[in-house]
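# Breakdown of the fold
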Amino acid sequence: MLKLDSLFQPMEVIDWREAFILTWMKKAYAVEYTDFFVHSAKKSFQIPSIVALFAYVSPELLRIRCSKSNILLRDDYKCQYCGVGATKSSILTIDHVIPRSKGGKMEWNNVVAACSPCNQAKSNKILSKTSLKLLKVPKKPTYRQLTKKKMRNINHNWLRYL
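This part covers helix α1 (residues 16–24). For α1, the complete set of buried residues consists of A19, F20, L22 and T23. Relative to the axis of α1, the buried residues are bounded by an arc of 160 degrees and lie together on one face. Buried residues along α1 sit against β1 (2–4), β3 (28–39) and β4 (44–53). Measuring from the backbone nitrogen of R17 back to the side-chain oxygen at the start of α1 gives 3.2 Å, which picks out D15 as the cap. In the segment just after α1, K26 is the residue with positive phi, at about 60 degrees.

Quick look at the structure:
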């Protein structure tokens, strides 16, 4: 189920229970419905496919953390030095372009996904002191960019809202 803010911007994918509860509690309304129903003892309720919140959601609440999972998502689960892809985060690591030992911080513009061989080859060196090159310059993604990446296998009815 797709959850939209009051401006119809995509927020996240939620399960059917949360979508149902949001509409039941009058915090959101159903924009589109699925073909499925949930039944109580006396009533049947159609399950929403897309819900939109009534209240405005401040962009401050939609801040994205610079975390391993978000970095891997931003970098499409590919090593940013050699381009080797992965489907599981366990075989990719996070590399600090400017190593922490040299004052580098855990910030969007200083961290990239890296395979273990590339991360070990770079070690704690400055990038210019190695033979490695970044495939793209790391930068902070927008909330919308990450949301779209999270929704790659989406319901086709959602496309006009993304």
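Next up on the list: the side chain of T23. Residue placement: T23 occurs in helix α1. For T23, a relative accessible area of 18% translates into the label buried. Not counting residues up to four positions away in its chain, the partners in contact with T23 are A28, Y29, A30, P48 and V51.

Attention now moves to the pairing of β4. Burial analysis of β4 places eight of its ten residues in the buried class, which makes it a mostly covered element. The sheet contact formed by β1 and β4 spans three bridges and is parallel. Counterpart to L4 in the pairing with β4 is A52. Sheet topology places β3 next to β4; eight bridges connect them, and they run antiparallel. Bridge pairing in β4 links H39 to S44.

Analysis parameters
Residues numbered from 1 in each chain as written. Predicted model: local features only at pLDDT ≥ 70, side-chain atom pairs only at ≥ 80, totals over all residues. Heavy atoms only, no water. Buried < 20%, exposed > 50% of the residue type's maximum accessible area, 1.4 Å probe, protein only. Helix = DSSP H or I, 4+ residues; strand = E, 2+ residues; numbered from the N terminus. Arc of directions from axis to C-beta. Contact = heavy atoms within 4.5 Å. Polar contact = N/O pair within 3.5 Å; in protein donor to acceptor, adjacent residues only side chain to side chain. Pairing = 2+ DSSP bridges.

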